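Chain and residue survey
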Protein chains: 2
Amino acid sequence: MDEFELIRRIAPRSLSHREIEIGIGDDAAVYNPKKGYQEIVCVDTMVDGVHFLSSHSTPADIGYKALAVNISDIAAMGGYPKFYLVSIAVPSGRRESDIEAMYEEMTKLAKLYQMDLIGGDTVSTRGQMVITVTVIGEVEKGRACLRSHARPGDVVFVTGELGSSAAGLSLLLGDRFTNDEGLVQHFMKRHKRPEPRVKAGLICSRYQRVALNDISDGLASELNEIAEASRVSIDIYQDSIPTHSELHKLHSDWEEWVLFGGEDFELAGTISSDQWERFAQECSSCGVPVYKIGQVVQSGEAKVFYHSGQDRILLEKKGYNHFKQDR
Amino acid sequence: MDEFELIRRIAPRSLSHREIEIGIGDDAAVYNPKKGYQEIVCVDTMVDGVHFLSSHSTPADIGYKALAVNISDIAAMGGYPKFYLVSIAVPSGRRESDIEAMYEEMTKLAKLYQMDLIGGDTVSTRGQMVITVTVIGEVEKGRACLRSHARPGDVVFVTGELGSSAAGLSLLLGDRFTNDEGLVQHFMKRHKRPEPRVKAGLICSRYQRVALNDISDGLASELNEIAEASRVSIDIYQDSIPTHSELHKLHSDWEEWVLFGGEDFELAGTISSDQWERFAQECSSCGVPVYKIGQVVQSGEAKVFYHSGQDRILLEKKGYNHFKQDR
C-alpha cells in the first residue's frame, strides 16, 4: 500500500470539532483554539519489545494503548483530549491490515472522547515497530492540575486499583500464577487496555489546587514527582492502597507491582483536606472509585514514606526507567 | 543516564513564549493560544537507515534535520513555528553524549525561530534510532496557504535550488561524481542541513489564495498534490526550474534528482498571476530566491506536465514513497 492511499483510508470521515479548518491531508493541521481555555499537549512513544510485545498483543491492543497513555497524560492535567496525531515506524514485513487494525482501534477509542485525528505519518523501518502519539487537549483557564500544587495537610488519593497492570504483564510474559481464567483476563485487560481517567481528571480540575499525576511509572515514582515539584513530603499506608481483592494471595511480588509496577494509568494526587469529602462524594456519584491513601506532611525534604504495619519505609523514585532496565 | 536526569538537562533554561504556563516536566505542557490566530500542528518521524544514516551523519545533523523538516511543514502552511516536542527511541548502545548533541543542535535551530521545547520523551529500543518531532505553530486567522488554493491562470513558483539535496545524498552514499570539495560540501549541506523557508512562507501568507507545499517528496509529488487538491492541471518548464549551475554537468541523474529527489525543503506553490510581480519583488527584497516555473491551466483532470524541449511529459506523483522503496 502506498502512503497516500493509507492517508486516504485512515483520514476520519467526520470530525467532532468544528474548530478544525484543515485536518489530515495538507502539510499540517490548522484549527482555532477556544477562548477562556488553555491548551495541553503531550507526546508518548511506544517501542515493540520495550513498551509492548507484538508477539503477545494484537495490533488493535497496541493502537489502543498508544493512544490511551496519551489521553491519560491529558487527564492527569485535569483536561480533556481533543486532537491527536500518529506516527508509526512500520517494520518492512508487517501486513497492511495490521496497521489498519491499529488505526481502527484508535478511532474507536477516540470516538469515546470525541477526539479527531488531525495528522501524522507512516514510515518504514528495518527495526522494531515504534508508535508515537501526540495529543492536544484543553483545560479551563487556570484550572490545570499541576504536580506543584500539593501542600502540607492535603489528602493523598488514588483512583481505581493498583498493581493489576503489572500482574497482567507478568501473566503475559508466562508467569501463570493463577489458573482462574476470569482473573487472568482481568489482569491482562488492565495491562493491555487501560482506561484513561478523563472523567476523574475533569472533576479534579473543578477543585482548587489539586496536584495530579497518572500512574505510568508506578505509584512511588508519581508521588515522588509530586513531592519534589511541591517541596513537601508524603506519607502513604499499605492497607489503604486499593488493589484487586485476590492480588496479595496470588504472588509474592504483589507489593512490588503496586508500588513500582506502573502502567495502571490510574490517577494519584493530592487535594486540600477540607475539600476531600465533597470531592470523594462527587467522584463516587460519577462512578469514579477514589481512595484516600495518606497525607502530605510538612518537611524540609521532598520524600515519600510507605507505612506497612509498624514500619515506615522510604519509597525511592525507582519506577520503570527505560534507561536503567529493559523489559 | 536516567530519564529524569535527561529531562533536567534538556529542559530549556528560558522560554521565548510567555503564553507557556507549564513547559517540560509535568504530564503535558499547558499554554494559552493567541486570539486572531489559528494553530498549526505537524509531526514527522525519521528512522535510521531510512531517513538518515547514522553512519554518515553526526547526531547534531540528525537532530537538526528532524526539527527542520517539521518547521518546513509549518512554513508550507504560511505559518511560523512556536513550540516543539521531541520523542526519541534510542538504541541501547548509543552514548548519552550523542543524544545530548542532538538536543543541543535542535536548541540552536529552535533559537533562530524563537521556538520553545515543551515536551517529549526518550525511550530505549533494541532496533534503530527513531526520532519523532511535533511542531505547533501559528498563522494569522484565515491566512493558511492550502494545497486547494490553486486556480487556472495562476503562476507556479518555487524557491531556492532543486535537486541539490538528492545530489548530496548520492555523494553521501559513495557516488563521488565530483572532486570539487566546495561542491561536495555544498550538496551535502543541502541534504543534511536544509533551511526551512519560514520567511518565504510568511510572505506567501500575506497574499490571497497562495497554494503551497514544501518539497519533501520531490517537485513532481508536491505539484501533483496541489493539482489534486485544487482540481487543476499544471504545466512546468525544464529550463525555468532553478538548479545549481553545475548540477546538469555532474551527473546523468540530475533531472531525476530535480523532479523526484525530494528533501530540498524549498517551497513550491501557486499565486494569482496579477500578484506575481509584487510577490516576486517582495521575496527578492527579503533575500528569498523565487522563480516562476510554469502556470496552472484549465483542465478536466488534475495532472502535471513537464515541458522539456519540444516534449510535454506527464509527471507522475512518484516521489519518495516509504512503502515502495527503501533507501
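Predicted, not measured: the structure shown is a model, and the values here were computed from it.

**Thoughts on the UniProt feature "domain: PurM-like C-terminal" (unreviewed entry) in chain A**
Per the UniProt record, "domain: PurM-like C-terminal" (unreviewed entry) is annotated on residues 151-306 of chain A. Strand forms 19% of residues 151-306 of chain A and helix 42%; the C-alpha atoms that close the span are 18 Å apart.

**Quick notes on the UniProt feature "binding site: Mg(2+) 4" (unreviewed entry) in chain A**
Under the UniProt annotation, "binding site: Mg(2+) 4" (unreviewed entry) lies at Asp 27 and Asp 73 of chain A. These annotated residues cover 47 residues of sequence, and their C-alpha atoms sit far apart, with the largest distance between any two at 26.3 Å. In this fold, Asp 27 of chain A is placed in the loop between strand E1 (20-22) and strand E2 (29-31). By relative accessible area, Asp 27 of chain A is classed as buried at 8%. If near-sequence neighbours (up to four positions away) are discounted, Asp 27 of chain A is found in contact with Cys 42, Asp 73, Ala 76, Met 77, Arg 147, Leu 212, Asn 213 and Asp 214 of chain B. One polar contact links Asp 27 of chain A to Arg 147 of chain B, side chain to side chain, over a distance of 3.2 Å. In this fold, Asp 73 of chain A is placed in helix H2 (residues 59-75).

**Describing the pairing of strand E7 (residues 155-159) of chain B**
Residue and element names in this part refer to chain B. Judged by how many residues are buried, E7 sits mostly within the fold: five of five residues are covered. Residues Val 155, Phe 157 and Thr 159 point to one face of E7 and Val 156 and Val 158 to the other, with burial holding for every one of them. Sheet topology places E7 next to strand E10 (residues 267-271); four bridges connect them, and they run antiparallel. Looking at the pairing, Val 158 lines up with Ala 268 of E10. As defined by bridge partners, E7 adjoins strand E11 (residues 290-297) across five bridges and the pair is classed as antiparallel. Of the residues in E11, the one forming a bridge with Thr 159 is Val 290.

**Quick word on the relation of the copies chain A and chain B**
For these two chains of identical sequence, chain A goes onto chain B by a turn of 180° and a shift of 0.0 Å along the axis, with RMSD 0.0 Å. What the superposition gives is, in effect, a two-fold axis relating one chain to the other. Among all residues of chain A, the one whose C-alpha sits closest to the rotation axis is Gly 127 of chain A, at a distance of 2.3 Å. Taken together, the interface assignments show that 100% of the residues at the interface of chain A recur at the interface of chain B, consistent with an identical surface on both copies.

**A closer look at the pattern of salt bridges**
Overall, the coordinates contain 44 salt bridges over all chains when judged by the stated rule. A salt bridge links Arg 147 of chain A to Asp 27 of chain B, with the nearest nitrogen and oxygen atoms 3.2 Å apart. A residue pair is termed interchain when its members come from two chains, as with Arg 147 of chain A in the loop between strand E6 (130-140) and strand E7 (155-159) and Asp 27 of chain B in the loop between strand E1 (20-22) and strand E2 (29-31). The residues Arg 147 of chain A and Asp 27 of chain B share a single accessibility class, namely buried. As a salt-bridge pair, Lys 303 of chain A and Glu 301 of chain A come within 3.6 Å of each other at their nearest N and O atoms.

**Some points on the packing of helix H4 (residues 164-172) of chain B against helix H5 (residues 181-192) of chain B**
Residue and element names in this part refer to chain B. Between H4 and H5, the shortest axis-to-axis distance is 7 Å and the interhelical angle comes to 105°. With respect to their mutual orientation, H4 and H5 come out roughly perpendicular. Contacts between H4 and H5 pair Ser 164, Ser 165, Ala 167, Gly 168, Leu 169, Leu 171 and Leu 172 from the former with Val 184, His 186, Phe 187, Met 188, Arg 190, His 191 and Lys 192 from the latter. The class makeup of the residues in the contact of H4 with H5 is seven nonpolar, five polar and two charged.

**Examining the packing of H2 of chain A against helix H3 (residues 96-112) of chain A**
Residues and elements named next belong to chain A. Where H2 contacts H3, the axes come no closer than 7 Å and their chain directions differ by 40°. Taken together, the axes of H2 and H3 lie oblique to each other. Classified by chirality, the crossing of H3 by H2 is right-handed. Each of Pro 59, Ala 60, Ile 62, Gly 63, Tyr 64, Leu 67, Ala 68 and Ile 71 in H2 lies in contact with H3, whose residues at this interface are Asp 98, Ala 101, Met 102, Glu 105, Met 106, Leu 109 and Ala 110. Tallied by class, residues from the contact of H2 with H3 come to twelve nonpolar, one polar and two charged.

**Details of the sheet that holds E2 of chain B**
In spatial order, the strands read E5(A)-E4(A)-E6(A)-E3(A)-E2(B)-E1(B); together these six strands make up an open sheet with mixed pairing. Looking at strand neighbours, the two that pair on one side only are strand E5 (116-125) of chain A together with E1 of chain B, the edges of this open sheet. For this sheet the average axis-to-axis angle between neighbouring strands, irrespective of direction, equals 20°. Summarising the sheet, strand E4 (residues 80-91) of chain A and E6 of chain A pair through nine bridges and their orientation is antiparallel. Its bridge partner being in E6 of chain A, Leu 85 of chain A is matched across the sheet by Thr 134 of chain A.

Cut-off values and rules
- Residues numbered from 1 in each chain as written.
- Chains lettered and ligands numbered in written order.
- Predicted model: local features only at pLDDT ≥ 70, side-chain atom pairs only at ≥ 80, totals over all residues.
- Heavy atoms only, no water.
- UniProt positions renumbered as here; feature names shortened; annotations may be inferred.
- Helix = DSSP H or I, 4+ residues; strand = E, 2+ residues; numbered from the N terminus.
- Buried < 20%, exposed > 50% of the residue type's maximum accessible area, 1.4 Å probe, protein only.
- Contact = heavy atoms within 4.5 Å.
- Polar contact = N/O pair within 3.5 Å; in protein donor to acceptor, adjacent residues only side chain to side chain.
- Pairing = 2+ DSSP bridges.
- Least-squares fit on C-alpha atoms with pLDDT ≥ 70 in both.
- Salt bridge = Lys/Arg side-chain N within 4 Å of Asp/Glu carboxyl O.
- Axes fitted to C-alpha atoms, helices over the stretch in contact; angles between N-to-C directions.
- Parallel < 35°, antiparallel > 145°, perpendicular 65-115°, else oblique.
- Nonpolar A, V, L, I, M, F, W, Y, C, P; charged D, E, K, R; others polar.
- Left-handed = near helix turned anticlockwise from the far one by under 90°.

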